[in-house]
Amino acid sequence: MSSQAVRNISIFLVSLLFILPLAESSSADLPLEHFVRKSDYLDLKISPDGRHYAARIRDDEKVYLLIVSLDDGSVVGGVSPGEDNEVSSILWVSDKRIIYTFSEKGRSRDYAGFTGELFAVNIDSSQNKLLAGYRADDQEIGRRIKYQKSSLATHRVISTLPAEKRKVLIIEYPWSLVGHVYYDDRQRLPIVSKLDIFTGKKTNKEVIPFRDASVYANDAGEINFITWRDETSMRHASYRQNKKDEWVDISEAFGDKLQKLVVAEISRDGKKIFMEGSYTDREPKTLFRFDLDSKELSKLFENKVDLYGWEVDSNNEPVVGISFPAEIEYHYSVDSKDSEATKVHKSLVNAFSGKQVWLSSQSVDGSKLTLRAYSSTNPGEYYSYDTNTKKADFLWANYSWIDPRAMLPKKSFRLKARDGQVLHGYITMPRLSENDSKPPLVVLPHGGPHQARDYPFFDSEAQLLANRGYAVLQVNFRGSSGYNEEFEKAGYTQWGGLMIDDIIDSTVWAVDEGLVAEDRICIYGASYGGYAALMSAVKAPDLFKCTIGYVGVYDLEAMSEKGDIPRNFGGLGYLKKVLGNDIEALRQYSPINLADKIKAKVLLIHGDEDVRVPSYHAKKMRAELRKVGKEAEWLYLGNVAHGAVSLENRMKVYTKLLSFLDSNIGH
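Throughout, a residue's number is its position along its own chain's written sequence, starting from 1. Per-residue local features are limited, in this predicted model, to residues with pLDDT of at least 70; the limit for side-chain atom pairs, both in listing and counting, is 80 or more; totals at the level of whole chains, interfaces and linings are taken over all residues. Only hydrogens and water are set aside; all other atoms, that is, all heavy atoms of the structure, feed into the side-chain values.

## Notes on the sheet that holds strand S29 (residues 356-362)
- Strand pairing requires that DSSP identify at least two bridges connecting the strands. Helix and strand labels come from DSSP, where a helix needs a run of H or I of at least four residues and a strand needs a run of E of at least two; each type is numbered from the N terminus. The strand order across the open sheet built from four strands is S29-S30-S31-S32, with neighbouring strands paired in antiparallel fashion. The open sheet has two edge strands with one neighbour each: S29 and strand S32 (391-397). Going from strand to strand, the sheet's axes swing by 30° on average, the running direction of each strand aside.
- Note: strand S31 (residues 381-386) against S32, six bridges, orientation antiparallel. Within the sheet, the bridge partner assigned to tyrosine 385 lies in S32 and is alanine 392.
- Throughout, a residue-residue contact means that at least one pair of heavy atoms, one from each residue, lies within 4.5 Å. Axis definition: a line fit to C-alpha positions, over the contact stretch in the case of helices; interaxial angles, taken between N-to-C directions, run 0 to 180 degrees. Running over the sheet, helix H4 (residues 340-351) touches S29, strand S30 (368-374) and S31 and is turned about 135° from S29.

## Some thoughts on the sheet that holds strand S17 (residues 202-207)
- Across the sheet, four strands lie side by side as S12-S13-S16-S17; this open sheet has antiparallel pairing. Of all strands in the sheet, those bounded by a partner on one side alone are strand S12 (153-159) and S17. With strand direction ignored, the average angle separating the axes of adjacent strands in the sheet is 30°.
- Judged from the six bridges that link them, S12 and strand S13 (residues 167-174) form a sheet pairing that is antiparallel. Bridge pairing in S13 links serine 159 to leucine 169.

## Here we look at helix H11 (residues 616-627)
- A rise of 1.5 Å per residue sets the reference length of H11, with its twelve residues, at 16 Å; its end C-alpha atoms lie 16 Å apart and thus fit the reference within 8%.
- Along H11, the residues that are buried comprise His617, Ala618, Met621, Glu624 and Leu625. One side of H11 carries all its buried residues, which in axial view fall inside an arc of 130°. To estimate the expected span of a helix, subtract one from its residue number and multiply by 1.5 Å. Burial classes: relative accessible area under 20% of the type maximum marks a residue as buried, over 50% as exposed, and values in between as partly exposed (1.4 Å probe, protein chains only). Along the arc lie the directions from the helix axis toward the C-beta atoms.

## Regarding the nonpolar core
- Trp495 and Ile598 are the most contacted members of the largest nonpolar core, which has 59 residues in total.
- Ranked by residue count, the leading element in this core is helix H8 (residues 528-539), at eight residues.
- Non-local contacts of tryptophan 495, meaning those with residues more than four positions away in its chain, are made with Pro449, His450, Ile500, Tyr528, Tyr531, Leu556, Met559, Val578 and Leu579. As used here, the term nonpolar core means buried Ala, Val, Leu, Ile, Met, Phe, Trp, Tyr and Cys residues forming a set that is joined through side-chain atoms within 4.5 Å.

## Notes on the side chain of serine 480
- Checked against the element boundaries, serine 480 lands in the loop between strand S36 (471-476) and helix H6 (485-489).
- The class of serine 480 is buried, set by a relative accessible area of 0%.
- For serine 480, the side chain forms a polar contact with the side chain of histidine 446, separated by 2.8 Å.
- Pairs of N or O atoms are called polar contacts if they sit within 3.5 Å, as long as, within protein, a hydrogen donor faces a hydrogen acceptor (for residues adjacent in sequence, only side-chain-to-side-chain pairs). From its side chain, serine 480 meets the backbone oxygen of phenylalanine 477 in a polar contact 2.7 Å long.
- Ignoring anything within four residues of it in the chain, the contact list for serine 480 reads His446, Pro449, Ala452, Arg453, Phe487 and Glu488.

## Comments concerning the packing of helix H5 (residues 460-467) against helix H12 (residues 647-665)
- Viewed as axis vectors pointing N to C, H5 and H12 meet at an angle of 40°, and their least axial separation amounts to 12 Å. Classified by the interaxial angle, the pair formed by H5 and H12 is oblique. For the pair H5 and H12, the crossing hand works out as right-handed. Here H5 contributes Glu461, Leu464 and Leu465 to the contact with H12, which in turn contributes Tyr654, Leu657, Leu658 and Leu661.
- Asp, Glu, Lys and Arg are counted as charged, while Ala, Val, Leu, Ile, Met, Phe, Trp, Tyr, Cys and Pro are counted as nonpolar; the rest, among them Gly, fall into the polar class. Classifying every residue of the contact of H5 with H12 by side-chain character gives six nonpolar, no polar and one charged. Any angle between 65 and 115 degrees counts as roughly perpendicular, while under 35 counts as roughly parallel, over 145 as roughly antiparallel, and the rest as oblique. Less than a right angle of anticlockwise turn of the near helix away from the far helix marks a crossing as left-handed, whereas a clockwise turn marks it as right-handed.

## Here's the deal with the environment of tyrosine 550
- Within the secondary structure, tyrosine 550 is located in strand S38 (residues 546-550).
- Classification of tyrosine 550 by relative accessible area gives buried; the value is 6%.
- Taking the C-alpha atoms as reference, tyrosine 550 lies 18 Å from phenylalanine 35; in sequence the two are 515 residues apart.
- Those residues in contact with tyrosine 550 that sit more than four places away from it in its chain are Tyr524, Gly525, Ala526, Ser527, Gly530, Ile605, Gly643, Ala644 and Val653.

## Observations regarding a negative patch on the surface
- Together, Asp512, Glu513, Glu518 and Asp519 make up a region of like negative charge exposed at the surface.
- Relative to the helices and strands, aspartate 512 resides in helix H7 (residues 498-512). A patch consists of residues whose relative accessible area exceeds 30% and which take part in no salt bridge; residues with like charges are grouped when within 9 Å of each other, and nonpolar side chains (Val, Leu, Ile, Met, Phe, Trp, Tyr) when within 5 Å. In these tables, accessible area is a Shrake-Rupley quantity obtained with a 1.4 Å probe, and a residue counts as shielded only by the protein chains included in the view. Salt bridges, as used here, are contacts in which a Lys or Arg side-chain nitrogen is within 4 Å of a carboxyl oxygen on Asp or Glu. Asp and Glu count as negative and Lys and Arg as positive, but His and the ends of the chain are not part of the count. Charged side chains are reduced to one point each, which is NZ for Lys, CZ for Arg, CG for Asp and CD for Glu.

## Observations regarding H8
- Between its first and last C-alpha, H8 extends 16 Å over twelve residues, near the 16 Å set by a 1.5 Å rise per residue.
- Among the twelve residues that make up H8, eleven are buried, leaving the element largely enclosed by the rest of the structure.
- Along H8, the positions that sit buried rather than exposed are Tyr528, Gly529, Gly530, Tyr531, Ala532, Ala533, Leu534, Met535, Ser536, Ala537 and Val538.

## Quick look at the pairing of strand S39 (residues 601-607)
- Counting buried residues along S39, six of its seven residues qualify, which places the element largely inside the surrounding structure.
- Two strands pair when backbone bridges link them, and S38 and S39 are joined in this way by five bridges, in the parallel orientation. Bridge pairing in S39 places isoleucine 548 opposite leucine 603.
- The pairing of S39 with strand S40 (residues 633-637) spans five bridges and is parallel. By the bridge assignment for S40, histidine 606 is matched with tyrosine 636.

## Overview of the environment of proline 456
- Within the fold, proline 456 resides in the loop between strand S35 (441-443) and H5.
- What makes proline 456 buried here is its relative accessible area of 2%.
- Counting along the chain gives 82 residues from proline 456 to tyrosine 374, while the straight-line C-alpha distance between them is 9.8 Å.

## Looking at the pattern of salt bridges
- If you walk through the whole model with that rule in mind, you get 38 salt bridges.
- Among the salt bridges present, the one from arginine 135 reaches glutamate 117, with a minimum N-O distance of 2.7 Å. Taken as a pair, arginine 135 in the loop between strand S9 (129-132) and strand S10 (139-141) and glutamate 117 in the loop between strand S7 (113-114) and strand S8 (118-122) lie far apart in primary sequence, 18 residues in all.
- Taking the shortest distance from any N to any O, the salt bridge between aspartate 419 and arginine 478 comes out at 2.7 Å. Highlighted residues: aspartate 419 in the loop between strand S33 (410-416) and strand S34 (422-428) and arginine 478 in the loop between S36 and H6, separated in sequence by 59 residues.
- Counted as one network, the salt bridges with shared partners bring together Asp184, Arg186, Asp212 and Arg229.

## Points about unusual backbone geometry
- In this structure, proline 449 follows glycine 448 across a cis peptide bond, with omega equal to -5°.
- For proline 449, the location among the structural elements is in the loop between S35 and H5.
- One non-glycine residue with positive phi stands out, namely leucine 161, at about 45°.
- Mapped onto the secondary structure, leucine 161 falls in the loop between S12 and S13.
- Unlike most non-glycine residues, asparagine 204 shows phi in positive territory, near 55°.
- Note that asparagine 204 resides in strand S17.

What follows is the structure, encoded as structure tokens:
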């Protein structure tokens, strides 16, 4: 990257910082682009010595890497991604060098695909080099040639190996050739090796005997613990005492008390492992500490629902747990209730009252932190914090043009479903004058549907709809994650059953509470949410005036044959687990077979290059509606995969969506 390019990006950074919008009228319709544009300021991480931070910034739909001095805010280096690329992740591997990854967008595609490569650059932009990946051919460096071979695989860093100045520990997941295309389907065994961060040379290679394994290494690079998935998509944890030993199940090595737990973190010295899980399906997933010397297992947090995540101290030991029974709750580990890290976190939570606080990175000595504060009305603000001076300095806002004062809060609710099951969710209410009637409602079921749920985070879709006068309802139906294993498993084989009943019951609850107009309700979702939108209109035909499916699944029977899930390792096992093998049940839960039961107006939105949910689903749904004399409105995007990415296509999607809603339930 040239010095001129760094100066240009520096000017861009400074200009954005000072073009924050003034508070706009709280009742006015904000421009559609306000909600559709992607964030300009993304994530940032502080250097090990606490003197710089590396950040990702979007401009003109490209994502750049910048290295900024914390002392004076000057840009000292960076990487320009090129016309069709974006920097997708950043990792400090020393005070002076960063490893980063790329996502690449073809000229005719509206999505960026992760290339699986590792690149490295110095903080002054020098020695920018492709280290590992499918384009890592032999390269000449100075007068000597370092033989660096291309590898058709996805590469990730496991450990930065602090004691080794030039090397990191990486894992690579080899791709499979399917037809004429290579895929990262995790069907082949992963390989661990040491990687020189200047030359790209790999040494000390080892094959891990489990597909799709996650490897945990201490700072010395020793690997004694892994987690892996079997073909049924079940997770396991394994242990070995040293590299020469065979891997054994962790419960075989340390006893049945570890049987339902999997490794999540390891201390820097490797003497403690931190394991995630619960003893029974009814208990929330939490974090346990296992001491390898004493063989003692202890529970770290007392959370009422599953942990959303945790924050670690400078020794890589978890100190703060985070969960969302409704609003955010913080839990402090039994090991650190009186520690300095806990005191710092509590003071920050108090200082940023009304916002959720996440410590995003820290220096090696723990004296310098970066943190992100956010809420349902605030997309996020980054700060640097000095634990010695107790001073927090604003760095940037994630969406520089968003004024949180013009946004509308998500309010949590709970209700009992028709069978007594307690459900939790969020409702975003629009601003109404005293003379306004009850607002129309858009029900917004989340995608996934498993390993996913709704949270009290900033949600640009909910904010857009609320800004246009719609109430927005989001419920965590059975099958959603985050509560306990029993709640998630209650959704297995119930995609069109209990899960849809929960969505309908929450909609009826909003009507019965007098929050919304009962005769102006639509339902809209993407992926599984698109399926839920159509299936809800099937099961409650008089409740919804319109239904919108975006990249939705409409033929459950086809899930095991079409798309990328069946070809990925564990994919068929996952589908068998969550959908079942009862063909007749799958047909009865497939909207394509129930088009005659839909009274609501229908809008279908899909992309031609969707690999996760091929466009077959939307085309088939449209055809079946036509057979029963119903014409769905249609938006078909030729170069879009599983959701529009470019501003141009996102504008098309939301312009059509708003027009459709306005014509059916608008004011």
